[in-house]
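Read off the chains here:
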Amino acid sequence: MQSFPWDNDFGPMSLWDQDQTSIADLTLQMDHLVTVSVNDFLGLDYEVDFVGKLLSWAPVLEEVKINVDCTRAFSLGSKVLKKLLALPRVSDKAKIIVT
């Protein structure tokens, strides 16, 4: 199962129509979420936004495990890693682990 559409000729495609849907419009509170795993992470903007929302919604979150799919990730550059580490968190215990 893939978390995003994939075009064999061009690589990852956008999951949502950028003009009509924005993850920033969603508001949730996840009071019991302790651990999250994100698989097949490529470092696309909407993936980073999703991780950011999880960090801002979950006050007891302790760990976000990000598994990079090395077979399809072109390059998870230091810019993406800096963005991830700079994301604000509502939980003081929240840490990001990239594998």
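Okay, so let's go over this structure. The structure presented is a predicted model; accordingly, all values stated were derived computationally and were not measured. (Residues numbered from 1 in each chain as written. Predicted model: local features only at pLDDT ≥ 70, side-chain atom pairs only at ≥ 80, totals over all residues. Heavy atoms only, no water.)

## Describing the pattern of salt bridges
Here is step 1: Taken as a whole, this structure holds two salt bridges when the rule is applied.
Here is step 2: Close ionic contact of Asp45 with Lys83 constitutes a salt bridge, the shortest N to O distance being 3.7 Å. With Asp45 in helix H1 (residues 45-57) and Lys83 in helix H2 (residues 78-86), this residue pair connects regions lying 38 residues apart in the sequence.
Here is step 3: On the accessibility criterion, Asp45 (53% relative accessible area) is exposed.
Here is step 4: Measuring nitrogen to oxygen at the nearest pair gives 3.5 Å for the salt bridge that ties Lys65 to Glu63.
Here is step 5: Judged by relative accessible area, which is 18%, Glu63 ranks as buried. (Salt bridge = Lys/Arg side-chain N within 4 Å of Asp/Glu carboxyl O. Helix = DSSP H or I, 4+ residues; strand = E, 2+ residues; numbered from the N terminus. Buried < 20%, exposed > 50% of the residue type's maximum accessible area, 1.4 Å probe, protein only.)

## Points about the sheet that holds strand S3 (residues 35-41)
Here is step 1: Spatially, three strands are ordered S3-S4-S5 in an open sheet, and the strand pairing comes out parallel. The open sheet has two free edges, formed respectively by S3 and strand S5 (95-98), since each of these has just one partner strand. Between one strand axis and the next, the sheet turns through 15° on average, direction left out of account.
Here is step 2: Pairing of strand S4 (residues 63-68) with S5, which is carried by four bridges, proceeds in the parallel orientation. Along S5, the bridge assignment pairs Glu63 with Lys95.
Here is step 3: The strands that H1 touches are S3, S4 and S5; relative to S3, the one it contacts most, it runs at about 180°.
Here is step 4: Those strands touched by H2 are S3, S4 and S5, and its axis lies near 155° from that of S5. (Pairing = 2+ DSSP bridges. Axes fitted to C-alpha atoms, helices over the stretch in contact; angles between N-to-C directions. Contact = heavy atoms within 4.5 Å.)

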